[in-house]
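Single-letter residue listing:
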Amino acid sequence: MTQVDTPEDEQGGARSRDSENGTWRAGVRRSGGAAAWRTGIRRVIRLSSRPGPWKRGLVPAALALLLGLVMMLHARIPNRIGNLGSLVETFLPWFGLFIPVLLGAAVWRRSASAPVALLLPVIVWLNLFGGQLGDKSREGDGLIVASHNVGAENTDPVGTARDLAASGAEVLALEELTGQAEVVYTRELAEAYPHHIVLGTVGLWSKKPLSDTRPVDIRMDYGPLAATKPAELTMESNRALRTTVATDRGPLAVYVAHLASTRVNPKAGFGTAQRDRGVQALAEAVAADPTERIVLLGDLNGTVNDRAFNGLISQLRSAQDAAGVGFGFSWPAKFPVVRIDQILVRGVEPERSWTLPSTGSDHLPVAAEISW
């Protein structure tokens, strides 16, 4: 087969004609080079327009900074709208769970900026709660106190009473007692605790003598009609008391309280008004108490991180924070997420703090060993 040379085509490439079939074939040397050149240009443009590692993952980086600022400035979050500040502070330790989530997003995006931004929430969280990760308990031979919201719906008060008696607690506070359940607890705890007092729905069982017992008004009834209620009706619903335990080391003032419940409502927000009045009343009672050594036991329906407790925490300290392991979450019993059952002290030294095994209640019992 022979070929006849022809002039160059419009693209500048050589063309030849097949002498047998009369068809033309375009040369590809110069046209192929131009195509490769155009492909290279497009590749350079794509590479230059692709964001670098510091520009990738800007959304996770921004969220990391926001998370750090929320935890760092939680006290400045206003309560004017739905008590948002108190709600955030109630679950503040759980904000740390967002850190690994954002770290995963940063790795997925191959971002360099997001991990750097995550340093802020990591440092803030560790500053707030890092001290609770270790074991701060110490061996001692102090007085063991315990508190348990036994639950009005508890179907096994007998088992609950026996578990509590076996806990080793020398002073035991119970909250949310019903009239029928009180009879059961009194009977089942009588052998281990020869001294006890019940006022309304709260009570204290002790191996040591009790004296100077009185109710504490935590302002559950509020408004102009509160003063008109008969004393016996008010006492039936009483939810706080103060008594003195005669220990071998001297008198110990013990408060037992069950503050009002809180509710989260999509329209009203975090409802805490009644509880907050109770916190203020307890703070005033403690401030006026001349006793050197004080222990407050009870279901306070709030965490010590909540700003509503500032007036109380400024006078008392948490046994769990001082001598516990971890956060000591106590509610709900099946999967605890917050510690609303508290042991707060003044004038004594917490040695240990822990939660007891679950009973028939929706709260876990809490215990602490104190000395002085």
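Going by the structure above, here's the rest.
These numbers come from a predicted model, not from an experiment.

1. So, the packing of aromatic side chains
Point 1. Using the criterion set out here, one finds six aromatic pairs in the structure.
Point 2. Consider the rings of Trp125 and Phe327, whose centres lie 6.4 Å apart with planes at 65°: the pair is edge-to-face. Here Phe327 lies in the loop between α11 (319-323) and β15 (341-346) and Trp125 lies in helix α5 (residues 113-129), a separation of 202 residues in the sequence.
Point 3. Ring-pair connections join several aromatic residues into one group, and the members of that group are Trp94, Trp125, Phe129, Phe327 and Phe329.
Point 4. In this arrangement the basic side chain of Arg249 is found over the ring face of Trp372, its NZ or CZ atom lying 6.0 Å from the centre.

2. Side note on the side chain of Ser147
Point 1. For Ser147, the position within the fold is in strand β4 (residues 143-149).
Point 2. Polar contacts involving the side chain of Ser147 include one to the main-chain amide nitrogen of Gly298, which spans 3.3 Å.
Point 3. In contact with Ser147, not counting residues within four places along its chain, are Ala173, Glu175, Leu297, Gly298, Pro365 and Val366.

3. Examining the nonpolar core
Point 1. Membership of the largest hydrophobic core comes to 21 residues, with the highest contact counts inside it found for Val145, Leu204, Leu297, Ile343 and Ile370.
Point 2. Discounting chain neighbours no more than four positions away, the residues touching Ile370 are Gly142, Leu143, Val145, Leu252, Val295, Val345, Val348, Glu349, Pro350 and Glu351.
Point 3. Counting residues in hydrophobic clusters, the runner-up holds 19 residues, among them Ala64, Leu102, Trp125 and Phe327.

4. Thoughts on the pattern of salt bridges
Point 1. One pass over the structure, following the stated rule, counts 16 salt bridges.
Point 2. The shortest N-O distance in the salt bridge between Asp141 and Arg249 comes to 3.8 Å. Here Asp141, found in the loop between α5 and β4, pairs with Arg249, found in the loop between β9 (240-247) and β10 (250-258); they are 108 residues apart in sequence, far enough to count as distant.
Point 3. Look at Arg249 and you get partly exposed, because its relative accessible area is 38%.
Point 4. A salt bridge links Arg275 to Asp276, with the shortest nitrogen-to-oxygen separation between them at 2.8 Å.
Point 5. Taking relative accessible area as the criterion, Asp276 reaches 24% and is therefore assigned partly exposed.
Point 6. Each of the salt bridges in this network shares a partner with another, and the network as a whole consists of Arg138, Arg317, Glu349 and Glu351.

5. Let's talk about unusual backbone geometry
Point 1. The omega angle of the peptide bond from Trp331 to Pro332 is -10°, so this bond is cis rather than trans.
Point 2. Looking at the secondary structure, you find Pro332 in the loop between α11 and β15.
Point 3. Within the chain, Asn301 stands out as a residue other than glycine whose phi angle is a positive 50°.
Point 4. Checked against the element boundaries, Asn301 lands in the loop between β13 (294-299) and α10 (310-313).
Point 5. Using a relative accessible area of 11% as the deciding quantity, one classes Asn301 as buried.

6. Brief notes about the environment of Leu118
Point 1. Structurally, Leu118 is set in helix α5.
Point 2. Leu118 sits in the buried class, given a relative accessible area of 5%.
Point 3. In sequence terms Leu118 and Leu103 are 15 residues apart; their C-alpha atoms lie 7.4 Å from each other.
Point 4. Leaving out residues up to four positions away in the same chain, Leu118 has contacts with Ala64, Ile99, Leu102 and Leu103.

7. With respect to the pairing of β10
Point 1. In terms of burial, β10 is largely enclosed, as eight of its nine residues are buried.
Point 2. Of the pairings in the sheet, the one linking β9 to β10 comprises eight bridges and is antiparallel in character. Bridge pairing in β10 links Thr244 to Ala253.
Point 3. In textbook terms, the turn of a hairpin is the stretch between consecutive antiparallel strands, and for β9 and β10 this stretch comprises two residues.
Point 4. As paired strands, β10 and β13 are joined by six bridges and run parallel to one another. The residue bridging Ala253 from the neighbouring strand is Ile294, located in β13.

8. A look at helix α9 (residues 273-288)
Point 1. Along its 16 residues, α9 runs 23 Å from first to last C-alpha, staying within 8% of the 22 Å computed at 1.5 Å per residue.
Point 2. Residues of α9 that are buried: Arg275, Gly278, Val279, Ala281, Leu282, Ala283 and Val286.
Point 3. Buried residues in α9 make contact with β10, β13, α10 and β15.

9. Thoughts on the sheet that holds β10
Point 1. Taken together, six strands build an open sheet; the order of strands is β8-β9-β10-β13-β15-β14 and the sheet is mixed. Pairing within the sheet leaves two strands with one partner each, and these edge strands are β8 (210-215) and β14 (317-318).
Point 2. Two strands pair when backbone bridges link them, and β14 and β15 are joined in this way by two bridges, in the antiparallel orientation. The residue bridging Ser318 from the neighbouring strand is Leu344, located in β15.
Point 3. Packing against the sheet, α9 makes contact with β10, β13 and β15, and its axis sits at approximately 170° to β10.

Quick notes on the rules
Residues numbered from 1 in each chain as written. Predicted model: local features only at pLDDT ≥ 70, side-chain atom pairs only at ≥ 80, totals over all residues. Heavy atoms only, no water. Phe/Tyr/Trp six-rings, centres within 6.5 Å; stacked < 30°, edge-to-face > 60°. Helix = DSSP H or I, 4+ residues; strand = E, 2+ residues; numbered from the N terminus. Lys NZ or Arg CZ within 6 Å of the ring centre and 35° of its normal. Polar contact = N/O pair within 3.5 Å; in protein donor to acceptor, adjacent residues only side chain to side chain. Contact = heavy atoms within 4.5 Å. Core = buried A, V, L, I, M, F, W, Y, C linked by side-chain atoms within 4.5 Å. Buried < 20%, exposed > 50% of the residue type's maximum accessible area, 1.4 Å probe, protein only. Salt bridge = Lys/Arg side-chain N within 4 Å of Asp/Glu carboxyl O. Pairing = 2+ DSSP bridges. Expected span 1.5 Å × (residues − 1). Axes fitted to C-alpha atoms, helices over the stretch in contact; angles between N-to-C directions.

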